Amino acid sequence: MNLPEPMVRIDKLWSVFKTAGVPTVIHQDLDLDVAQGELLSIVGGSGGGKTVLLRQMLGLETPARGTVTVQGRPAAELGRAGASSRVGMLFQHGALFSAFTVLENIAFPLRERGTLPARLVRDVAMVKLQMVGLDAKHAHKMPADLSGGMVKRVALARALAMDPPLLLLDEPTAGLDPDSADAFCALLQSLHHELDLTVVMVTHDLDTIFELSTRVAVVADKHVVVNATPQAVVDFDHPFVHDFFRGGRGRRAQALLHPPVHPA
Amino acid sequence: MRTLFTLYCRPVEDTQPGLSTTHGPEGLRVALHGRWTADALSVPQVWARVQQALPPVSEARAGQTPVAWDVSAVQRLDHTGAQVLWDAWGRHWPTTLHAEPVQKAVLERVARFSVPMPQAERPNLHTVFLALGRRVSRVGYHAAGAVRLVGQLLLDMVQLLRHPLHGPWRDVSSHLYRIGATALPITALVGFLIGVVLAYLMSKQLRQFGADSFIVNILGLALIRELGPVLAAILVAGRSGSAITAQIGVMRVTEELDAMRVMGIPKGFRLVMPRTLAMAVAMPLVTVWTTLAAMLGGMLAADLAMGLTPAYFFTALPKTVNIANLWLAVGKSCVFGVLIALIACYYGLRVKPDTQSLGEGTTASVVSSITMVILVDALFAVIFKSVGV
């Protein structure tokens, strides 16, 4: 028996952007493996290339060097038909289709398959809508009529529409009130448990990091400097880790680590 | 080759969703297997098979035969699969259900959230009546908006005349370049071709009457007075009018307009006025340029088709076409420019923050500015019917 294949494997990745003809290196020989069933948080400074890393996993950016493999296939092949059942993405600003209603947005990936009857697709979308904590009465609203937090939830519902095994989240709790953020964490945890979901999220929210993640990867100096359990990362000796986790906010949030909350 | 092999020889049967029914002593027993996921179920053949197999089982339920459901062998049950089952059960829990706790949790969530669909608002007689009224009052709303925009432009112009050094001149010059200079190649090409076509068509007709030399009158009057300004205006409306609407519309979508307002920067003075000024200056210049290109085309075609030399053309033109026509054309195109800029800005500022509204606004802007150009041109023709002809 060989080892189970990692959900995401990033091998010697280089991400390079050209600004006014001058190449800027974002990632340099970056390695990262995400195992099946992990809840991985990616943390790092602003402009450190966290979102670019997510976009590389989605195949939205092309590696300058190195490879990105998602579920055993190159990430560049993700954007083909049926992608929504392999990976779900929650964009930072929702990226809802503004010409569709909330329900049509959520039902979109499933409806595009064109096989399942409209009634079933609608019911599935309604379940998803309420699953993320929205009321059924919002189903026919347009995205322009929603608040920022609601947009985020609808976007999450759409990312989950096909129950993909891999979920990528970009700043999932930014802009949510504390209550909604807690509900979001609870939902993610139960989905992770029930559907064996693998989650990769970029976040600055220390509470979310300590409450949810089974692993934390710190992106700094164009590499992943450490990829370990939250407690091990906090104890890791690196200037960024020190500033990020052991500042005033970090110490308050770490109270969540004792006693450990998750049955991993 | 190897990938193909693995692709086709994968044990497909194991992962496809399916069910088997057995009649036992205590009634019907339905065992589910495979992957009951959205991805697997939305394969047409699979869905057809599942649909065929499920209804008889549901009927047995309705006929009060006890049915025992066994879900525990299912490899993966997601919310779509659970919804299919829940619907098959007639949205009630079956009397006997074997399921893993994890599967039960998914089923319970679907059961909890399967609610009747909230009705979307259907149009009735009252709402149709209200919609009609809204459409009628929108005409007045547009008129008021147009008046407000023109009034604001006049106030901004007064402010500019008072403090000419504080004007947004950099914006004006950049718009001049974008509206005027970058439009030169396309307007020259279109003008030249129209001139050639017109001269060829006319030469055929004029030769029948032996009135070859009148080609100068026809080309001169038609191109300078009418075709030059209208052609240039239509091209610029399509090119720059749509660009202005889209640009301002995107500024609305990205909340840049709100940011300007919060910083106390008047959008009339910084957005509408520079564009209108640039258009008012660039449009006459583009018109003269288009007319020149068209005359050149006409002159060449006349030389080729009728042997009318350019030298004759140049001497005959000032005698046959009154210079007043040129001034009329320049004045007219200045008005066209202002109208195109104002209409484009008006629709741009009305865009709502969604993609559909942006598209509609751009279309409406181009269509109304071209219509307006032709209407105003007709008005000019009526008012100045005794000038220059």
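Residues numbered from 1 in each chain as written. Chains lettered and ligands numbered in written order. Predicted model: local features only at pLDDT ≥ 70, side-chain atom pairs only at ≥ 80, totals over all residues. Heavy atoms only, no water.

Observations regarding the interface of chain B and chain A
At the interface, 32 residues of chain B touch 34 residues of chain A. Together, Arg76(B), Phe113(B) and Met117(B) form the three largest contributors to the area buried by chain B at its contact with chain A, with a combined 22%. Summed over the shared surface of chain B and chain A, the result is three salt bridges. A salt bridge links Arg91(B) to Asp123(A); the shortest N-O distance between them is 2.6 Å. Put simply, chain B and chain A have 10 residue pairs in polar contact (both at pLDDT 80 or more) between them. Elements represented by at least two residues in the side of chain B that touches chain A include exactly α3 (38-41), α4 (44-62), β4 (74-77), α5 (79-88), α6 (101-113) and α15 (355-383) of chain B. The greatest single-element share of the side of chain B that touches chain A, amounting to six residues, is contributed by α6(B). (Contact = heavy atoms within 4.5 Å. Buried area = accessible area lost by both parts, 1.4 Å probe. Salt bridge = Lys/Arg side-chain N within 4 Å of Asp/Glu carboxyl O. Polar contact = N/O pair within 3.5 Å; in protein donor to acceptor, adjacent residues only side chain to side chain. Helix = DSSP H or I, 4+ residues; strand = E, 2+ residues; numbered from the N terminus.)

Things to note about the sheet that holds strand β4 (residues 65-70) of chain A
Residues and elements named next belong to chain A. With respect to topology, four strands assemble into an open sheet ordered β2-β1-β4-β5, the strand pairing being antiparallel. The open sheet terminates on both sides in strands that have one partner only, identified here as β2 (22-34) and β5 (73-74). Where strand β1 (residues 8-19) meets β4, five bridges bridge the pair, whose relative direction is antiparallel. If you follow Trp14 over to β4, its bridge partner there is Arg65. Relative to the sheet, helix α1 (residues 50-57) contacts β1, β2 and β4, its axis offset from that of β1 by approximately 120°. (Pairing = 2+ DSSP bridges. Axes fitted to C-alpha atoms, helices over the stretch in contact; angles between N-to-C directions.)

Describing a positive patch on the surface
All names here are of chain B. Among the surface-exposed residues, Arg134, Arg135, Arg138, Arg350 and Lys352 lie close enough to one another that they form a single positively charged patch. With three residues, the top contributor of residues to the positive patch is helix α7 (residues 125-162). Positionally, Arg350 belongs in helix α14 (residues 324-350). (Patch = residues over 30% accessible without salt bridge, like charges linked within 9 Å, V, L, I, M, F, W, Y side chains within 5 Å. Areas by Shrake-Rupley, 256 points an atom, 1.4 Å probe, with all protein chains shown as cover. Lys, Arg positive; Asp, Glu negative; His and termini not counted. Charge placed at Lys NZ, Arg CZ, Asp CG, Glu CD.)

What to know about the environment of Pro56(B)
Mapped onto the fold, Pro56(B) is located in helix α4. Pro56(B) sits 302 residues away from Leu358(B) along the chain, and the two C-alpha atoms are 51 Å apart.

Structural notes on helix α4 (residues 148-159) of chain A
Residues and elements named next belong to chain A. Compared with an ideal rise of 1.5 Å per residue, which puts 12 residues at 16 Å, α4 spans 17 Å between its outermost C-alpha atoms and is within 8% of the ideal. Most of α4 is tucked away: 10 of the 12 residues are buried. Buried positions along α4 lie against β6 (87-90), α2 (102-113), α3 (118-131), β7 (166-170) and α5 (178-195). (Expected span 1.5 Å × (residues − 1). Buried < 20%, exposed > 50% of the residue type's maximum accessible area, 1.4 Å probe, protein only.)

Thoughts on the packing of aromatic side chains
Centre distance and the angle of the planes are the two values used to describe a pair of aromatic rings. Enumeration according to the criterion identifies 10 aromatic pairs over all chains in this entry. Ring centres of Phe97(A) and Phe108(A) lie 5.1 Å apart, and the angle between their planes is 65°; this geometry places the pair in the edge-to-face category. Taken as a pair, Phe97(A) in the loop between β6 and α2 and Phe108(A) in helix α2 lie far apart in primary sequence, 11 residues in all. Judged by relative accessible area, which is 35%, Phe97(A) ranks as partly exposed. Taking 6.2 Å as the distance between ring centres and 40° as the angle between the ring planes, the aromatic pair formed by Trp89(B) and Trp93(B) counts as tilted. By way of ring pairs, the aromatic residues Trp69(B), Trp86(B), Trp89(B) and Trp93(B) are connected into one cluster. (Phe/Tyr/Trp six-rings, centres within 6.5 Å; stacked < 30°, edge-to-face > 60°.)

Take it as geometry only, folks, not as evidence of what the structure does.
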